[in-house]
Amino acid sequence: MLTVVAVLRAKEGMEKDMEQALTAIVPKVEAEEGTLAYVLHRDKKDPRKFLFYEKYKDKVALGAHSSTPYFLELFGTIGPMLDGNPSIEIFEELASIQTK
């Protein structure tokens, strides 16, 4: 399994617009076959900072997600709202607890 941690920061005054754009993609991603988790967070101390926690079955599933029309459209939409480049890191899962 692969885990992606993506951190995005909105320009000042664009927080609500960024939140709406990011929130809107979640139901679309839910239908993807190899996507196991796709969770959007906001920093408690900095309302301009957003984090996606994503889990994929494998590299193929991550590639499929990254090439969907709605994913590509999202970056077109949020591009002008971003304060700097997003930080995107990919991790390999080694151990976890199961959802209770």
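Because the structure is predicted, anything quoted here is derived from the model rather than measured.

J.: Describe the environment of Ser66, naming the residues involved and giving the relevant values.
T.: With respect to the helices, strands and loops of the structure, Ser66 is situated in helix H2 (residues 59-66). Residue classification places Ser66 among the partly exposed positions, given a relative accessible area of 29%. Ser66 sits 15 residues away from Leu51 along the chain, and the two C-alpha atoms are 17 Å apart. Once you skip the residues sitting within four places of it in the chain, Ser66 turns out to touch Phe71 and Leu72.

J.: Which residues make up the packing of helix H1 (residues 15-30) against helix H3 (residues 69-78), and what values do they have?
T.: When two helices pack together, their arrangement is captured by the angle between the axes and the distance separating the axes. For the pair H1 and H3, interaxial distance at closest approach is 10 Å and the crossing angle is 180°. Between H1 and H3, the angle falls in the class roughly antiparallel. Of the residues in H3, those touching H1 at Met18, Ala21, Leu22, Ile25, Lys28 and Val29 are Tyr70, Phe71, Leu74, Thr77 and Ile78. Residues belonging to the contact of H1 with H3 are distributed by class as follows: nine nonpolar, one polar and one charged.

J.: Account for H2, naming residues and giving values.
T.: Among the residues making up H2, those that are buried are Ala61, Leu62 and His65. Within H2, the buried residues cover an arc of 100° as seen down the axis, which keeps them to one side. Looking at H2, the residues exposed on the side facing more than 90 degrees away from the buried face are Lys59 and Val60. Of the residues that open H2, the one with a side-chain oxygen 3.2 Å from the backbone nitrogen of Val60 is Asp58.

J.: I'd love a proper account of the packing of aromatic side chains, names of residues and values included.
T.: For any two aromatic rings, the description comes down to two numbers: the centre-to-centre distance and the angle of the planes. Tallied over the entire structure, the rule returns two aromatic pairs. With a centroid separation of 4.7 Å and 35° between ring planes, the pair formed by Tyr38 and Phe52 is classed as tilted. Here the residue Tyr38 occupies a position in strand E2 (residues 35-42), and Phe52 occupies one in strand E3 (residues 49-56), the gap between them amounting to 14 residues. In terms of burial, Tyr38 and Phe52 fall into one category: buried.

J.: So, the nonpolar core: which residues are in play, and what are the values?
T.: Of all hydrophobic cores here, the largest spans 21 residues; its most connected members are Met18, Leu22, Ile25, Phe52 and Ile78. Among the elements of the structure, strand E1 (2-9), H1, E3, H2 and H3 are those that each provide at least two residues to this core. Counting residues per element, this core draws most heavily on H1, which supplies five residues.

Cut-offs and rules
- Residues numbered from 1 in each chain as written.
- Predicted model: local features only at pLDDT ≥ 70, side-chain atom pairs only at ≥ 80, totals over all residues.
- Heavy atoms only, no water.
- Helix = DSSP H or I, 4+ residues; strand = E, 2+ residues; numbered from the N terminus.
- Buried < 20%, exposed > 50% of the residue type's maximum accessible area, 1.4 Å probe, protein only.
- Contact = heavy atoms within 4.5 Å.
- Axes fitted to C-alpha atoms, helices over the stretch in contact; angles between N-to-C directions.
- Parallel < 35°, antiparallel > 145°, perpendicular 65-115°, else oblique.
- Nonpolar A, V, L, I, M, F, W, Y, C, P; charged D, E, K, R; others polar.
- Arc of directions from axis to C-beta.
- Polar contact = N/O pair within 3.5 Å; in protein donor to acceptor, adjacent residues only side chain to side chain.
- Phe/Tyr/Trp six-rings, centres within 6.5 Å; stacked < 30°, edge-to-face > 60°.
- Core = buried A, V, L, I, M, F, W, Y, C linked by side-chain atoms within 4.5 Å.

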